Amino acid sequence: MDIRDLIALGGLLHDIGKPVQRARLYNGDHSIQGHNFLLDLAEKTGVKEYEILALFSRFHHKKYMEEVRELNIPNDIKIALYVVYVADNISSKEREEEKGYDIRRPLKSVFNRNLGYPLYELNLETLPIPGEVDGITSEEYRKLVKALKEDLKKVELRVDKVMPILEKHLTFVSSVTTENNVISLYDHLKMTSAIALALYNAGCRPGSVEEAERCMREKNLLLVEGDFSGIQNFIYSVSGKGTLKYLRARSAYLELIGWDIVLKIIEDLDLTLANVVFNAGGHFMIIAQNTKGARNKLEDIRRKVTEWLWKKFEGRLYIGIDWEECTGEELMKDFNKVRGRLKKKVTIRKLKRFEFVNNVFTVGDRGRLEECQICGVEVPEEELKELGFEDGEVAKVCETCHALWFLGEKLIKMEKGLVLTDKITGEGIPGPFSEFLPYEGQLQGKYLLMKNTFSPPRTDMVFVPYIVADYYREKEGRVINFNELAEESVGAKRIGVIKGDVDKLGEYFANRKSISEYATASRFMDYFFKFYLKGVIRGYYSDIIGEVPSLGEWKENPNVVVVYAGGDDFLIVGSWNEIFELAFRIREAFRKYTGEGLTISIALGYFHSKTPIYRIADVMTERLEKAKEEGRDAIYVIERTGWRISYPWDIYMDFWREIGRKVYSDGRLTGKFRDKKGLLHKVLELRELYVRDPKDVRWAYLLAYHLSRHEVEEVFRKILGIDSKTLEEEKPQPIYWVDGILKVILMAVRG
Ligand SMILES: [Zn+2]
């Protein structure tokens, strides 16, 4: 085994003894128990390398490191042991004191330190909810260790194959059992592996604990960050025939460009997937070595990516890539400071954009230029390709739009995943460094991005779990279109759109103190939108979500298409009534998922199916901004008049419970209201009266009069009369909130 692989794997497995110890499978501390576990694995699998890897568990605590010198093993393995030791060392300093430990303590939530997780296995069926956890028993750990061992036995001893197995089993294992630890053991292992390898690549060759510690104090590392801008513009600035499947394909394409860049960086810099702290939502972070060679390679990659993006998309899509040198100690203790410095650099880089593309503004020798009829990019006339639509029309489009059009459907529907190959065949979709081809089981390439699985396939290709919220409603074997979504809706035939993101996320991440904590936080965040969101759409976790405003039964295959979801945000379209309910389902699932530690804001929009997509995107952006301006933790339900347009979630849900579901249920107006649409309009009118002149109290008398005439005061008790308490607090009267409920119901019963 190559020394670099040994270091990477040593980092990943050094603390494997933790769950083993908590399972009480052998005797001794976790380093000894992990050693036994790995020796056992060596015996069971016949893979000798596990014996060497067992040493990384046995020797990663200071008190044992003195023995390393005496070991009868090659010198480079000793170096590897010191490097992994020191990469782990900072976060385990407190650990050595062995105080305040209770091996039954669960992993606490990175979103709410007061709540803990049971020992979940990472899968789509279970939405992990932090709560009061009594303590995890050794029996539970025993089950986990057994499953982990079985899975490890099945895969080759390679970083890309071991990582997803560890992720699946160790995500909800606490890295230390002190109180309030929020770092997942998986992320601790991954970061140890990343730092150890980067230190080695930086030239660290320690022969003692002291030399290793010096490596950790010197600026041997680079934190590398990449962040796209212009994403919205890129995905939604398509004209004419930009159908739903095409939008979906463009957003998937963006994600793949991100992967192509990330994989190129780790390949050129001799790193592994463990060095990728995260890659989500057009944003990535990597730990690398701080050497001249590495910086040159990064410069080179950055230049190539920039030129490629410029050429392909005329500057609409840009990625700012930059790096900041730091020590290993800083990453563990002052991560937020390093990140702060780096973030500034990336922001400046994004502002400068295409400054170093040569001859950006000279287009002299490109011949006659013509616009692509889908995305509007100007290319030499002869490079345009003809594209025939279903309706017989023919458009001239650029190479990328052409490829995306034909592979778009495949890209969305692919069951398995994608292959990234560096052979350019012209049959795939071009990326900056590779070509992307849908994988159905045969293709060979460099990387295999497999969808939504942590089970590595048998292949020589490098396995990358490709987690994606790929839900779409199928219709006649293809992706449903805008017209059909509108037709499938109730009442007013409209498509619905939701756009949402997490509130105050920048602030949240700026407060993560160690890179391991950051890794846990970003992964948990991303997985909500990429992984569990799909479960929410499919109607799983209903008992967790509870009752939400609804306009009908939630279907098994709702009329919904995820255009984009990942990082901390999403845009989803569908039949308007289903999209309406989905907003609340997402919010409730997110609230429980974060243990109420974070909030989310969502905007809703309802459109004719022929509305141009760039217009929809603009409206949705404005609405979401409105909800944020008005205090966040809010939903923009519908256009309305008054002092505040969006609703605090709880107010809307409360009004729906008290009024909405008494007026409308089982897909129609309830008995009392069956022929009383006029009365509902009257209530809206009286609300209008109140909004126009809050001092005039006529609305209150008139409301009481009309409601009693129809004998429905009981239903509207919540808004009847003048509430003196809200008056004192200078808040709007309850009637102010009723329109968002009634307008939605009236839309649902529109003939
Ligand atoms: Zn185009």
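Residues numbered from 1 in each chain as written. Predicted model: local features only at pLDDT ≥ 70, side-chain atom pairs only at ≥ 80, totals over all residues. Heavy atoms only, no water.

Asker: How should the overall build of the chain be read in this particular structure?
Answerer: Counting secondary structure elements, the chain contains 27 helices and 23 strands. Taking 751 residues into account, the globule formula puts the C-alpha radius of gyration at 27 Å, and the chain, at 28 Å, falls close to it. In terms of principal-axis extent, the alpha carbons of the chain reach across some 95 × 70 × 45 Å. When the accessible surface of the chain is summed, it comes to about 30,100 Å², and 46% of that surface belongs to carbon and sulfur atoms. (Helix = DSSP H or I, 4+ residues; strand = E, 2+ residues; numbered from the N terminus. Rg over C-alpha atoms; globule rule 2.2 N^0.38 Å. Areas by Shrake-Rupley, 256 points an atom, 1.4 Å probe, with all protein chains shown as cover.)

Asker: So what exactly am I meant to see when it comes to the coordination of the zinc ion here?
Answerer: Metal coordination angles in their ideal form are 109.5 degrees for the four-donor tetrahedron and 90 or 180 degrees for the six-donor octahedron. Only Cys372 (SG), Cys375 (SG), Cys398 (SG) and Cys401 (SG) from the protein coordinate the zinc ion, and they sit 2.3 to 2.4 Å from it. Note that the zinc ion binds four donor atoms; their angles at the metal cover 104 to 115°, and the shape is tetrahedral. The motif formed by the donor residues of the zinc ion, counted along the single chain, is C-x2-C-x22-C-x2-C. Linking Cys375 in the loop between β5 (369–371) and β6 (378–380) with Cys398 in the loop between β8 (394–397) and α16 (399–413), this pair joins segments that are 23 residues apart in sequence. An identical accessibility class is assigned to Cys375 and Cys398; each is buried. (Donors = N, O, S within 2.8 Å, 3.2 Å for Na, K, Ca; no water. Tetrahedral: all angles 85-135°; square planar, octahedral: opposite > 155°, others 65-115°. Buried < 20%, exposed > 50% of the residue type's maximum accessible area, 1.4 Å probe, protein only.)

Asker: Just to check I follow, could you spell out the domain arrangement of the chain for this structure?
Answerer: It is common to give the size of an interface as the accessible area lost on bringing the parts into contact. Assigned domains within the chain: domain 1 (3–213), domain 2 (219–358 + 367–455), domain 3 (469–636) and domain 4 (649–750). Computed from C-alpha atoms alone, the centre-to-centre distance between domain 3 and domain 4 is 27 Å. Each side of the interface is counted separately: domain 3 has 21 residues, and domain 4 has 13 residues. Each partner contributes to the roughly 1,600 Å² buried at the junction of domain 3 and domain 4, and carbon and sulfur atoms together form 70% of this total. Among the residues of domain 3 in contact with domain 4, Glu547, Leu551 and Arg587 are the three that bury the most area, contributing 30% of the side total. For the pair domain 3 and domain 4, the interface holds two salt bridges. One can count six residue pairs in polar contact (both at pLDDT 80 or more) joining domain 3 with domain 4. Contributions of two or more residues to the side of domain 3 that touches domain 4 are made by α21 (576–593), β19 (600–607) and β20 (634–636). Top element by residues in the side of domain 3 that touches domain 4 is α21. It accounts for six residues. Tallied by class, the residues present in the side of domain 3 that touches domain 4 amount to 14 nonpolar, two polar and five charged. (Domains from an automatic or database assignment. Contact = heavy atoms within 4.5 Å. Buried area = accessible area lost by both parts, 1.4 Å probe. Salt bridge = Lys/Arg side-chain N within 4 Å of Asp/Glu carboxyl O. Polar contact = N/O pair within 3.5 Å; in protein donor to acceptor, adjacent residues only side chain to side chain. Nonpolar A, V, L, I, M, F, W, Y, C, P; charged D, E, K, R; others polar.)

Asker: Any chance you could explain the pattern of salt bridges here in plain terms?
Answerer: Once the charged atoms of two side chains with opposite charge are near each other, the side chains can pair. Counting across every chain of the model gives 66 salt bridges. Between Arg142 and Glu139 there is a salt bridge, with the nearest N and O atoms lying 3.3 Å from each other. In this pair, Arg142 and Glu139 both sit in helix α7 (residues 138–154), three residues apart, roughly one turn of the helix. The residue Glu225 makes a salt bridge to Arg339 at a minimum N-O spacing of 2.9 Å. Here the residue Glu225 occupies a position in strand β1 (residues 221–229), and Arg339 occupies one in helix α15 (residues 335–352), the gap between them amounting to 114 residues.

Asker: I'm lost on the environment of Tyr253 in this one. Help?
Answerer: Along the chain, Tyr253 turns up in helix α12 (residues 244–268). Tyr253 gets classed as buried once you look at its relative accessible area, which sits at 0%. Separated by 171 residues in sequence, Tyr253 and Ile424 have C-alpha atoms that sit 17 Å apart. When near neighbours in sequence (up to four residues on either side) are disregarded, Tyr253 contacts Phe234, Trp308, Phe313, Thr400, Leu404, Ile429, Pro430 and Phe436. Engagement of the side chain of Tyr253 in a polar contact is seen with the backbone oxygen of Pro430, the distance being 2.6 Å.

Asker: I'm lost on the pairing of strand β9 (residues 417–421) in this one. Help?
Answerer: Walk down a regular strand and you will see the side chains alternate between the two sheet faces. With five of five residues buried, β9 is to be regarded as a mostly interior element. For β9 and strand β11 (residues 435–439), the ladder comprises five bridges, and the chain directions are antiparallel. Bridge pairing in β11 links Val419 to Leu437. Bridge count between β9 and strand β12 (residues 447–451): four bridges; the pairing is antiparallel. In the strand pairing of β12, Gly417 is matched with Met450. (Pairing = 2+ DSSP bridges.)

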